[in-house]
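A closer look at the structure
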Amino acid sequence: MAAVVLVGAQWGDEGKGKVTDFLASQAQVVVRSTGGNNAGHTVVVGEEEFKIHLVPSGILYPATICVIGNGVVIDPKVLLTEMDSLEARGVSIANLRISPNAHVIMPYHIKLDELEEESKGNNKIGTTKRGIGPAYMDKAGRTGIRMGDLIEEDGFRRKLESNLQSKNLILEKVYGAKPFVAEKIFAEYLGYAKRLAPYLADTSLLINAALERGEKVLLEGAQGTLLDLDHGTYPYVTSSNPTAGGACVGAGIGPTRIKNVVGVIKAYTTRVGEGPFPTELVDAAGEEIRQKGHEFGTTTGRPRRCGWFDALIARYAARVSGINAFALTKLDVMGGLETIKICIGYQRGDELLTEFPLSQTALAECQPVYEEMPGWQEDLSQMRSLAELPQAARNYLNRIKELTGVDLFLIAVGPRRDETIVLQEAF
Ligand code: GDP
Ligand code: IMO
Ligand code: MG
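So, a few notes on the structure that sits alongside this text. Predicted model only: the values in this text are computed from it and were never measured.

**Concerning the packing of aromatic side chains**
- The tally for this structure, following the rule as stated, stands at seven aromatic pairs.
- Here Trp-376 and Tyr-396 contribute two aromatic rings whose centre-to-centre distance is 6.1 Å and whose plane-to-plane angle is 50°, an arrangement assigned as tilted. Residue Trp-376 is located in the loop between β17 (367-374) and α13 (391-404), and its partner Tyr-396 is located in helix α13; the two are separated by 20 residues in the primary sequence.
- Here a set of aromatic residues connected by ring pairs shows up, and it is made of Tyr-316, Tyr-346 and Phe-356.
- The aromatic ring of Phe-50 is capped on one face by Arg-89, whose charged end is 4.0 Å from the ring centroid.
- In this structure, Arg-157 is placed above the aromatic ring of Phe-186, and the distance from its NZ or CZ to the ring centre is 4.1 Å.

Now the structure itself:
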């Protein structure tokens, strides 16, 4: 019995897709348990690049069961497009399983996401406008429509009509927008339901049975710790819990099943959307990292904000998820820099903070305190062992380990599957 939870330990886009794909080679089941198509996970195999939003990144292994768990919010149109495009590229989706309890993103969720963002003006969150927040609001408000509801025609129609009564009032009276027509949505979503019905399964039962048989289950994280609804930089967060606890809830397994929690960290920090980011570089250095690291959103194409590695964030992520090993990605991107900075504390007035602050007001007032280290000039992408790495790169890794108190189990030196240095086994 071994479940490994993978979590993003920064603000998302840490390279979870690549690390999931790498670990999936050892797993029999790979599960997406939170978020929706706000996620964009990139997997590069040979010359082929896959950008995956909803289907677990384990899908490239034909024998692996890939589960979309109850904690995910599903836009069925996006899911079907993704399934079709994977199949068109020769990837089998026969092993995909979807929880009937996963909530459905409806067209009015997407519209409301857009309108709420617009109405916030300068205070906008910078969401992906995929309807994620409004869908989770309906889930928490106990009015949401679940995947299992779509296949029960009468019940689905009743729920949709009842939801549209209040949604259309909000759309028309609050935002002056056009109302939605129930019949149109009903017909469209019934079509999706027919195609997705064969994939519905009791996924909690399936995952727990796999664990009982001694199989390996990988829970692929989405988003990141600082986007967590409870532990992130609220309100500049997503509407789910991408930390390890959320993974248990979203997959329907208990914490006693978890053997390891692996955190994915980038060798630097990025963030998409609004909100505080203490180590952000708004100068040429930030632009250099963005260009070298191709830091543009996988989902929205937005340029990612870039900055130095922040040890307080990594330590905080390790604390709230119980991370016992880090996978560090994009070490290759740091090559060619004269010096590299690591944030080791925050200065707030005359106070030196060494832990990530709870208060967002405090965080917004924090100035990073840096330690500088010499960089390296070598290209790391062909290196496959720690011993091959230049001393300066090894010093950087050691310092991260010291500052976070967490061992590294994997280092990525390029986007491809083989551009990886493995230090310890995850399962
Ligand atoms: P995710 O959302 O956490 O899965 O990350 P994304 O896929 O959104 O963004 C990570 C980007 O970095 C993708 O384009 C990956 O192909 C790429 N990537 C992952 N690991 C490495 C690495 O070690 N080096 C380089 N150069 N690129 C990487
Ligand atoms: P992956 O899985 C980076 C960010 C959005 C926005 C905030 C809220 O690829 O790491 P939402 O649409 O979820 O309501 O947006 O969260 N965000 C992400 N940023 N990577 C992601 O996913 C993200 N998913 C959401 O940019 O700031
Ligand atoms: Mg991403």
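What follows picks up the thread again.
**Digging into the site of ligand 2**
- As a matter of local geometry, ligand 2 sits amid 20 residues, with Asp-13, Lys-16, His-41, Thr-128 and Thr-238 nearest to it.
- In the environment of ligand 2, an oxygen atom lies 2.9 Å from a nitrogen or oxygen atom belonging to the side chain of Asn-38.
- In the environment of ligand 2, an oxygen atom lies 3.0 Å from a nitrogen or oxygen atom belonging to the side chain of Arg-302.
- The protein chains hide 97% of the 550 Å² of surface that ligand 2 would expose on its own.
- Across the shell around ligand 2, the residue classes break down as seven nonpolar, 10 polar and three charged.
- Of the domains in this structure, domain 1 (3-89 + 202-422) and domain 2 (103-145 + 152-198) are the two that each give at least three residues to the shell around ligand 2.

**Considering the coordination of the magnesium ion (ligand 3)**
- Every protein donor of the magnesium ion (ligand 3) is listed here as Asp-13 (OD) and Gly-40 (O), and their distances to the metal cover 2.0 to 2.2 Å. Separated by 27 residues along the polypeptide, Asp-13 in the loop between β1 (2-8) and α1 (16-24) and Gly-40 in the loop between β2 (29-32) and β3 (41-45) bring together distant segments of the chain.

**Here we look at the site of ligand 1**
- By nearness alone, 20 residues border ligand 1, and Lys-16, Gly-17, Thr-42, Lys-330 and Asp-332 come closest of all.
- One of the backbone nitrogen or oxygen atoms of Gly-40 is found 2.8 Å away from an oxygen atom of ligand 1.
- For ligand 1, whose accessible area on its own is 580 Å², the fraction buried by protein is 93%.
- For the shell around ligand 1, the secondary-structure elements that each account for two or more residues are α1 and β3.
- Taken together, the residues of the shell around ligand 1 break down into five nonpolar, eight polar and seven charged.

**Some remarks on helix α8 (residues 203-212)**
- Buried within α8 are the following residues: Thr-203, Ile-207, Asn-208, Ala-210 and Leu-211. The buried residues of α8 occupy an angular sector of 155° when the element is viewed end-on, so they sit on one face. In this structure, α8 carries Leu-205 and Glu-212 as exposed residues pointing more than 90 degrees from its buried face.
- The inward-facing, buried residues of α8 abut β1, β2, β5 (65-68), β7 (96-98), β9 (216-220) and α9 (244-251).
- Directly after α8, the chain includes Gly-214, whose backbone phi takes a positive value near 85°.

What counts and how
- Residues numbered from 1 in each chain as written.
- Chains lettered and ligands numbered in written order.
- Predicted model: local features only at pLDDT ≥ 70, side-chain atom pairs only at ≥ 80, totals over all residues.
- Heavy atoms only, no water.
- Phe/Tyr/Trp six-rings, centres within 6.5 Å; stacked < 30°, edge-to-face > 60°.
- Helix = DSSP H or I, 4+ residues; strand = E, 2+ residues; numbered from the N terminus.
- Lys NZ or Arg CZ within 6 Å of the ring centre and 35° of its normal.
- Near = heavy atom within 4 Å.
- Polar contact = N/O pair within 3.5 Å; in protein donor to acceptor, adjacent residues only side chain to side chain.
- Areas by Shrake-Rupley, 256 points an atom, 1.4 Å probe, with all protein chains shown as cover.
- Nonpolar A, V, L, I, M, F, W, Y, C, P; charged D, E, K, R; others polar.
- Domains from an automatic or database assignment.
- Donors = N, O, S within 2.8 Å, 3.2 Å for Na, K, Ca; no water.
- Buried < 20%, exposed > 50% of the residue type's maximum accessible area, 1.4 Å probe, protein only.
- Arc of directions from axis to C-beta.
- Contact = heavy atoms within 4.5 Å.

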